[in-house]
Amino acid sequence: MSFLKGLRCRECGREFPKEALYVCEYCFGSLEAAYDYDGIKKVLTRDKILRGPKSLWRYRELLPIDGEPTAGFYSGFTPLVKADILAKELGVKELYIKDDSVCHPTWSFKDRVVAVALSRARELGFDTVACASTGNLANSVSANAAWAGFKRYIFIPANLERAKIIGSLVYAPNLVSVNGNYDDVNRLCSEIASKYRWGFVNINLRAYYAEGSKTLGFEIAEQLGWRAPDHIVAPAASGSLITKIWKSLQEFEKLGLLENKVKTKVYCAQPEGCAPIADSILSGSEAIKPVKPDTIAKSLAIGNPADGYYAKDVIRDTGGWAAKATNDEIREGIKLLARTEGIFTETAGGVTVACAKKLIEQGRIPRNESIVLAITGNGLKTQEAIQDSVGEAKLIDPKLDSFEEIVMGVQGSTT
Ligand SMILES: *Cc1c(COP(=O)(O)O)cnc(C)c1O
Ligand SMILES: [Zn+2]
């Protein structure tokens, strides 16, 4: 049964058929999936969700496909870690890590959006899928399209981390490395998308793709015992994740699935070297000024964010705020999360931890309310960012003496 009614322009509200469309032909606004919520309300209960698959497809009624899912069967449903040690360190009472660093199969929250995009791509009759990526999306489309049997073209900026390049190549896609930054790659892909009949997951399938991010918010609420938290800190690149986390909580509320009223404040975390959304919040400006990215958080290096205005509105409307992290603060954030909670996140997660710390210290986030940090990617993919700031192993000879001298600091035991 399908509850997907069609697509609707986010600006003028005009409705469009549920095809591979993404811009309103009247006002150039972007299109969003529209659902039959009355129909959903009749069938979707907490009980039904609890009996559903242990993946993001447990929320299938709220995702934009017509039939049964055909991709990403094991994605989502990641742990919500009660982070007591980090909470103590940050001086807050109730802190959780939504840990998408362990999302199946490519260790980032992009596996959620790709699960939805590829299921929809199949329904729309595409045999080839493609994407413009800052790295994690490249990994996820490469892997999921291999499993689902699509031809695949992946476009990335040439300066990506080694692990993100190898973590795409291993799935044998057509990987295209572009001399330019993500915004250049994206512009090129829009041109290619208008010429080739490919399903670009984050261009002509974007209205479907983006909805996958809602499942991160659904899971947080379900895992908190059907409650919306007081505060959520999330990283932003295009700004889509932030808008969809907010939408997910509103949908759950509208469907009567929550114990509490949603009063969640949403906060945006961005790297100092690419912070167009955070800058607009911090400066109180209405404009989102495009920037030229220069940061170690390459997964967040989008200088001209497609959903920037919508993300800014969510942050303002919910009473949230924004913060920025320098490269050094990003490294410290990665190490802090690892040292306290045993979770190794990538640079984007370092940005989130560092920004949450700042927002708490500034009093923007109160210390006695519930806080969730969205940790969106895995640290093994961005090792070059911290390889020079984690120290070295102690090298010894395979002898007890050597161990005692070098590791235990016992002097002169050999002679
Ligand atoms: C893509 C990405 C984001 C940002 O997502 P947007 O929806 O584009 O804002 C955050 N974290 C990681 C690890 C990502 O790969
Ligand atoms: Zn419009």
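For the structure, see preceding data.
Fair warning: this is a prediction, and the values are worked out from it, not measured in the lab.

Participant: Residues and numbers for the coordination of the zinc ion (ligand 2), please.
Facilitator: Each angle at a metal carrying four tetrahedral donors should ideally be 109.5 degrees, and each at a metal carrying six octahedral donors should ideally be 90 or 180 degrees. Cys9 (SG), Cys12 (SG), Cys24 (SG) and Cys27 (SG) make up the full set of protein donors to the zinc ion (ligand 2), lying at 2.3 Å. One can describe the donor arrangement at the zinc ion (ligand 2) as tetrahedral, given that its 4 donor atoms subtend angles of 97 to 120° at the metal. Mapped onto the polypeptide sequence, the residues donating to the zinc ion (ligand 2) form the spacing pattern C-x2-C-x11-C-x2-C. Separated by 18 residues along the polypeptide, Cys9 in strand 1 (residues 4-9) and Cys27 in the loop between strand 2 (15-16) and strand 3 (31-35) bring together distant segments of the chain.

Participant: Talk me through the site of ligand 1; I want residue IDs and the actual numbers.
Facilitator: Residues in contact with ligand 1 amount to 16 residues; listed here are only the nearest, Lys110, Asn136, Ser238, Leu241 and Thr376. In this structure, an oxygen atom belonging to ligand 1 sits 2.9 Å away from a main-chain N or O atom of Ala237. At 2.8 Å, a backbone N or O of Leu241 approaches an oxygen atom of ligand 1. A total of 390 Å² of accessible area belongs to ligand 1 in isolation, and the protein chains cover 96% of it. Under a 2 Å grid-point criterion requiring more than half of the atoms, the pocket assigned to ligand 1 is the largest cavity.

Participant: Can you explain the pattern of salt bridges? Please cite residues and give values.
Facilitator: Per the counting criterion, the structure on display carries 33 salt bridges. Between Lys244 and Glu32 there is a salt bridge; the shortest N-O distance is 3.3 Å. Pair noted here: Lys244 is in helix 10 (residues 240-254) and Glu32 is in strand 3, with a separation of 212 residues, a long-range link. We classify Lys244 as buried; its relative accessible area is 3%. Of the residues examined, Glu32 reaches a relative accessible area of 22% and is grouped as partly exposed. A salt bridge links Asp100 to Arg112, with the nearest nitrogen and oxygen atoms 2.7 Å apart.

Participant: Got a sec to walk through a nonpolar patch on the surface? Specific residues and values, please.
Facilitator: A cluster of nonpolar side chains, Ile396, Leu400, Phe403, Ile406, Val407, Met408 and Val410, forms an exposed patch at the surface whose accessible area comes to about 570 Å². Position of Val410 relative to the elements: it lies in the segment after helix 15 (400-406). We classify Val410 as partly exposed; its relative accessible area is 35%.

Participant: Run through the packing of aromatic side chains, naming residues and quoting values.
Facilitator: If you walk through the whole model with that rule in mind, you get 12 aromatic pairs. An angle of 45° between the planes, with centres 5.0 Å apart, marks the rings of Tyr59 and Phe218 as tilted. Placement of the pair is Tyr59 in the loop between helix 2 (46-51) and strand 4 (80-82) and Phe218 in helix 9 (residues 214-223), with a sequence separation of 159 residues. Considered together, Tyr59 and Phe218 belong to a single accessibility category, that of buried residues. Ring centres of Trp226 and Phe252 lie 6.0 Å apart, and the angle between their planes is 35°; on these two criteria the pair is classed as tilted. A residue pair is termed long-range when its members are at least 10 positions apart, and Trp226 in the loop between helix 9 and strand 10 (231-235) and Phe252 in helix 10 qualify at 26 residues. Both residues of the pair, Trp226 and Phe252, belong to the buried class. Grouping aromatic residues by their ring pairs yields a cluster made of Tyr153, Phe155, Tyr196, Trp198 and Phe200. Across from the ring centre of Tyr310, 3.9 Å away, lies the NZ or CZ of Arg10, which sits over that ring. Against the face of Trp321 rests Arg364, its NZ or CZ located 3.8 Å from the ring centre.

What counts, and at which threshold
Residues numbered from 1 in each chain as written. Chains lettered and ligands numbered in written order. Predicted model: local features only at pLDDT ≥ 70, side-chain atom pairs only at ≥ 80, totals over all residues. Heavy atoms only, no water. Donors = N, O, S within 2.8 Å, 3.2 Å for Na, K, Ca; no water. Tetrahedral: all angles 85-135°; square planar, octahedral: opposite > 155°, others 65-115°. Helix = DSSP H or I, 4+ residues; strand = E, 2+ residues; numbered from the N terminus. Near = heavy atom within 4 Å. Polar contact = N/O pair within 3.5 Å; in protein donor to acceptor, adjacent residues only side chain to side chain. Areas by Shrake-Rupley, 256 points an atom, 1.4 Å probe, with all protein chains shown as cover. 1 Å grid on protein atoms, 1.4 Å probe; cavity = no way out; pocket = protein on both sides within 12 Å on 5 of 7 lines; lining within 4 Å. Sits in = over half its atoms within 2 Å of the grid points. Salt bridge = Lys/Arg side-chain N within 4 Å of Asp/Glu carboxyl O. Buried < 20%, exposed > 50% of the residue type's maximum accessible area, 1.4 Å probe, protein only. Patch = residues over 30% accessible without salt bridge, like charges linked within 9 Å, V, L, I, M, F, W, Y side chains within 5 Å. Phe/Tyr/Trp six-rings, centres within 6.5 Å; stacked < 30°, edge-to-face > 60°. Lys NZ or Arg CZ within 6 Å of the ring centre and 35° of its normal.

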